[in-house]
Amino acid sequence: DDDMFSSAFCENSEKLIDVHLFALAAKYYSLSNLGVCTPLEDVLEALKGNSQGATGIKLDEFMNNKKSHEVQVMSELVDNIANYCGIKQVIDIGSGKGYLSSFLSMQYNLKVYGIDSSNSNTNGAHERNRKLKKHWRAYQSRARTNLKTQSLAKTKDRPVESEMKCKTTNEELLNNAESLQSQDQVNMQDLVPSCGFTEMGTLETRTETEADLVAQTKSYEGKLSEEVLAILNVLPADAVEVFSSSHCNWGELSEEEKAQRKMTSLNTKATKSSESNLYLPLTSCITAETELRDIVTDLEDCVMVGLHTCGDLAANTLRIFAAKPEIKAVCSVGCCYHLLSEQFENQEECCDKVWGFPMCQYLKDKGWCCGRNARMSACLALERVAVGQMLPTESLFYRAVLQVIIEEMYGVTKSDRHVGKTFSKSSSFVDYVRRSLKKLELDDSKLPDSCIMDYYEKYKHRMNELEAFNMLKVVLAPCIEVLILLDRLCYLKEQENIAWSGLVKLFDPVKSPRCYAVIALKEESC
């Protein structure tokens, strides 16, 4: 295969001479063509899941289309992994503002710890969950009103039934309530239909008096509210009104029944107290040496997840998973490959440092290195370009000419500072250069506008070359991403305690270009 594609380059000059063959080679070595990925449907089937899982929460009300797509798909997979492993705790690494964490806790009733290095992200997660709680309390309030209205309307249309039928109905109601409470997972779509709970009430109550009907309605409503609160309890328990499940006359109960109900109430309060934070945002910087117990004090068997963990954090997530016996499974989607640290990039002797690339022993033995330019290319989105979302050629041109200016006028070839998103704030090329120089802490007073524009005019005719060059980088991007992802997969394959590991395409690459997840499950004895 290497011989087949080698003619894309000149043997003597090593320059590219056949663009078409180069593109075919890039496609050949992409993940989609190599056949190393496990289809998501197969993974869900193996976990006894369902790829068409119900979603009761309207995600687009709380996040953009890209994020809602990612959260919906990944949370379903994580829930299936958790069920398969028989665990309820999830550690979300690099949780940001808690989009994935809060959805896992509310939709799937998982206890989630979201860990992020940014205090502002953690504070944002707390504020976002406060708003989510307020949103769901409004749904619950509307539910109570609609349920009473429907039930009272039904009783006016029904004749009074016999005492025996009433007794039978009460038994059915009790069985239904017990069945609801015994479910491990509440179907949120059934509880929160888009029409605002109008389909929720299905009580076939036949009572002798309107007063009895209201009492039964309140009792059923209370049980339902407790189930909803168990899922939505992303804030401390005292932040939300507690609905009592018992509305009967206390004086009519026997002493034995009173004692039994009191004990049940105490147990319920204890359970709610221990689970008052189904989602808890935490601030901490995660490294390969991080001791999770220092951050999560009640750490138990859990699933570790990461949705677009940046740079080395994705690699460290896998290392922590392999090292900690409590972590039974991992589902990690990385991003920001350009921020990866590379062991062999600068040939520095630093034996104690843990590098982001390479991870597996095979590439370490070969001293493999990508380099920053290649890693930058790996971040590009071929699928988006293919559907017409073109590269920002003008901003890339500005950046390229700026580099020439700072090299020739200031003698600077390397800097720890970054220009950032200066282009979007600039009114012209001159304005862009001056803003950028200030960010780089370079004196722009010795550089007149005419000199800046001379550089612009000198290279303007080469803008098409720059666009063609960047398109070649886009074509090559999937090949570099393959190398990084296969390195992580090979690292997991080298571990002795892993029962299964694989690469899974989770997302639509047009919506979410970094769409591949590294997934692994440990052996049961581990």
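Refer to the structure printed above.
Residues numbered from 1 in each chain as written. Predicted model: local features only at pLDDT ≥ 70, side-chain atom pairs only at ≥ 80, totals over all residues. Heavy atoms only, no water.

## Focus on the sheet that holds strand β1 (residues 89-93)
Right, so step 1: If you trace the seven strands from one edge of the open sheet to the other, you get β3-β2-β1-β4-β5-β7-β6, paired in mixed fashion. Two strands in the sheet have a free side with no partner beyond their single neighbour: β3 (279-283) and β6 (498-505). Neighbour-to-neighbour, the strand axes of this sheet turn through a mean angle of 15°, independent of strand direction.
Right, so step 2: Pairing of strand β5 (residues 327-335) with strand β7 (residues 516-522), which is carried by four bridges, proceeds in the antiparallel orientation. Bridge pairing in β7 places C331 opposite I519.
Right, so step 3: Lying over the sheet, helix α5 (residues 65-85) contacts β1, β4 (302-310), β5 and β7, oriented at roughly 160° with respect to β4. (Pairing = 2+ DSSP bridges. Helix = DSSP H or I, 4+ residues; strand = E, 2+ residues; numbered from the N terminus. Axes fitted to C-alpha atoms, helices over the stretch in contact; angles between N-to-C directions. Contact = heavy atoms within 4.5 Å.)

## Comments concerning the packing of aromatic side chains
Right, so step 1: On inspection of all chains with the given rule, the structure shows eleven aromatic pairs.
Right, so step 2: Measuring from ring centre to ring centre gives 6.1 Å for F9 and F22, while their planes differ by 80°; the resulting arrangement is edge-to-face. With a gap of 13 residues between them, F9 in the loop between α1 (2-6) and α2 (19-28) and F22 in helix α2 connect regions that are remote in the sequence.
Right, so step 3: Here F9 falls in the partly exposed class, since its relative accessible area comes to 37%.
Right, so step 4: Among the residues examined, F22 registers a relative accessible area of 12% and is labelled buried.
Right, so step 5: One aromatic cluster is present, built from ring pairs that chain together F397, Y398, F423, F429, Y432 and Y456.
Right, so step 6: Stacked on the ring of W355, the Lys or Arg K353 has its end atom at 5.1 Å from the ring centre. (Phe/Tyr/Trp six-rings, centres within 6.5 Å; stacked < 30°, edge-to-face > 60°. Buried < 20%, exposed > 50% of the residue type's maximum accessible area, 1.4 Å probe, protein only. Lys NZ or Arg CZ within 6 Å of the ring centre and 35° of its normal.)

## Some thoughts on the packing of helix α16 (residues 393-410) against helix α17 (residues 429-439)
Right, so step 1: Close contact between α16 and α17 brings their axes to 11 Å; oriented N to C, the two are set at 55°. With respect to their mutual orientation, α16 and α17 come out oblique. When the axes of α16 and α17 are compared, the crossing they make is right-handed. Of the residues in α17, those touching α16 at Y398, R399, V401, L402, I405, I406 and Y410 are F429, Y432, V433, S436 and L437.
Right, so step 2: Here the residues of the contact of α16 with α17 are counted per class, giving ten nonpolar, one polar and one charged. (Parallel < 35°, antiparallel > 145°, perpendicular 65-115°, else oblique. Left-handed = near helix turned anticlockwise from the far one by under 90°. Nonpolar A, V, L, I, M, F, W, Y, C, P; charged D, E, K, R; others polar.)

## Regarding the packing of α16 against helix α18 (residues 449-459)
Right, so step 1: Two elements in contact, α16 and α18, have axes separated by 10 Å at closest approach and are oriented at 125°. It follows that α16 is oblique to α18 by the angle criterion. Read as a crossing pair, α16 and α18 show a hand that is right-handed. Contact residues: α16 offers F397, Y398, V401, V404, I405, E408 and M409, while α18 offers C451, Y455, Y456 and Y459.
Right, so step 2: Tallied by class, residues from the contact of α16 with α18 come to ten nonpolar, no polar and one charged.

So, to be careful, I would describe these as geometric facts and stop short of saying anything about function.
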